[in-house]
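Read off the chains here:
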Amino acid sequence: MAAASAAGTQTLLRGLKVRECVAAGPHDAQGLAERLGTPRSTTRRILSSLAAARHLHHLPHRGYLPGRMPIHLGQRALEQRPLVAMAQPHCEALSRRTGDTIHLGIAEGAEVVSLLKISGTRGLEMPSRVGQRMPLATTGIGKALMLGMPEPRWRELHAAALALNARSPDRPPALPWEAYAERMRACRARGVVFDLEENEVGIRCAGAPVHDWGGQVVAAISVASAAPFMPEERLEAVAPLVRATAEAVARELGWPG
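Described in the following lines is the structure provided in the data block. (Residues numbered from 1 in each chain as written. Predicted model: local features only at pLDDT ≥ 70, side-chain atom pairs only at ≥ 80, totals over all residues. Heavy atoms only, no water.)

With that out of the way, let us pick up the overall build of the protein. Broken down by element type, the protein carries 9 helices and 8 strands. At 24 Å, the protein has a C-alpha radius of gyration far larger than the 18 Å of a compact globule built from 257 residues. In terms of overall dimensions, the protein has C-alpha extents of about 75 × 40 × 30 Å along its principal axes. Looking at the protein as a whole, 42% of its 257 residues are labelled buried. (Helix = DSSP H or I, 4+ residues; strand = E, 2+ residues; numbered from the N terminus. Rg over C-alpha atoms; globule rule 2.2 N^0.38 Å. Buried < 20%, exposed > 50% of the residue type's maximum accessible area, 1.4 Å probe, protein only.)

Shown next as structure tokens:
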């Protein structure tokens, strides 16, 4: 029984190694056998078994390619690891490092919806809450989400923010479109955005987008605090930290970087 178990383990490990090699290339049985150092007959048996189980796909005259099963399993794994659960440890670590309030949010229409809030340690309680909706175009976390959108969509969201300001005169005034677009282009080049009291007087923040495995922006993270704690030089100091945190969460989602 021990010998059979050892043989089964060896076969399993060879199968996993074959799948890794196919993903990286070469794709033909001879090249895979040479790379693995296994007999060609053994390699062909493993390839046939993996293809039958849809872990590989065989193309005549071309060799083997990754099959549907790894993609299916990867998608199921991501579905079973919710965004908030994956992001929370990273956001908590960022809050401990900065002492500031951390938010995680996603885009819905012209608004950002807060999914997670980690309060800071400065004794300052931000008025934000989980589930709160805010304009995309005037918040740090919202503008970070906008970095994954085309510029025509920026203009639509900027117009929506102007319309909201017209209905709520107590809101901070929005930048004119050309100045706003120029600032957003500069932020996109850096991979980080700033909210300089554009959504709420006295609150400043830095935000960065979270990408998924396909490179799409699916969420954003921000560091926020009262203006006295966030002069522009400190915003510049925390910007790399929030970007690094967003990238760490993105890698959890399969983003290759």
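What follows concerns the pattern of salt bridges. Under the criterion given, the structure shown has 10 salt bridges. Its salt-bridge partner being E156, residue R153 comes within 2.9 Å of it at the nearest N-O pair. Note that R153 and E156 are positioned in helix α7 (residues 151–167) at a spacing of 3 residues, about one turn of the helix. Judged by its relative accessible area of 48%, E156 falls in the partly exposed class. Between R204 and E197 there is a salt bridge, and its shortest N-O distance comes to 3.2 Å. We classify R204 as buried; its relative accessible area is 17%. E197 gets classed as partly exposed once you look at its relative accessible area, which sits at 21%. When salt bridges that share partners are traced, they join E108, E111 and R133 into one network. (Salt bridge = Lys/Arg side-chain N within 4 Å of Asp/Glu carboxyl O.)

Turning to the sheet that holds strand β6 (residues 193–196), a few remarks are in order. With respect to topology, 6 strands assemble into an open sheet ordered β5-β4-β3-β8-β7-β6, the strand pairing being antiparallel. In the strand order of this sheet, the two ends are held by β5 (133–135) and β6, each with one partner. Ignoring strand direction, the axes of neighbouring strands in this sheet form an average angle of 35°. The pairing of β6 with strand β7 (residues 203–211) spans 4 bridges and is antiparallel. In the strand pairing of β7, V193 is matched with G207. Along the sheet face, helix α5 (residues 83–98) touches β3 (101–108), β4 (111–118) and β8 (217–226) and points at about 65° away from the line of β4. (Pairing = 2+ DSSP bridges. Axes fitted to C-alpha atoms, helices over the stretch in contact; angles between N-to-C directions. Contact = heavy atoms within 4.5 Å.)

This part is about unusual backbone geometry. For R54, which is not glycine, the phi dihedral falls at a positive 65°. Along the polypeptide, R54 turns up in the loop between α3 (40–52) and β1 (56–59).

A few words on helix α9 (residues 232–252). Spacing of three or four residues puts side chains on the same side of an α-helix, whose turn is 3.6 residues. Given a rise of 1.5 Å per residue, 21 residues ought to cover 30 Å, and the 30 Å separating the end C-alpha atoms of α9 matches this to within 8%. Along α9, the sharpest kink reaches roughly 30°, centred on V238 and followed within four residues by the proline P240. Among all positions in α9, only R234, L235, V238, A239, V242, T245, A246, A248, V249 and A250 are buried. Buried residues along α9 sit in contact with α5, α8 (177–190), β6, β7 and β8. (Expected span 1.5 Å × (residues − 1). Bend = angle between axes of the 7 residues up to and from the residue.)

Attention now goes to the pairing of β4. Where burial is concerned, most of β4 is hidden: 6 out of the 8 residues are buried. Of the strand pairs in this sheet, β3 and β4 are connected by 7 bridges, and their pairing is antiparallel. Residue A107 lies in a different strand from β4, and its bridge partner there is V112. Hairpin connection between β3 and β4: a loop of 2 residues separates the two successive antiparallel strands, and G109 in this loop has a positive phi of roughly 65°. Across 3 bridges, β4 lies against β5 in antiparallel orientation. The residue of β5 that forms the bridge with E111 is P135.

Just geometry here; none of it tells us what the structure is for.
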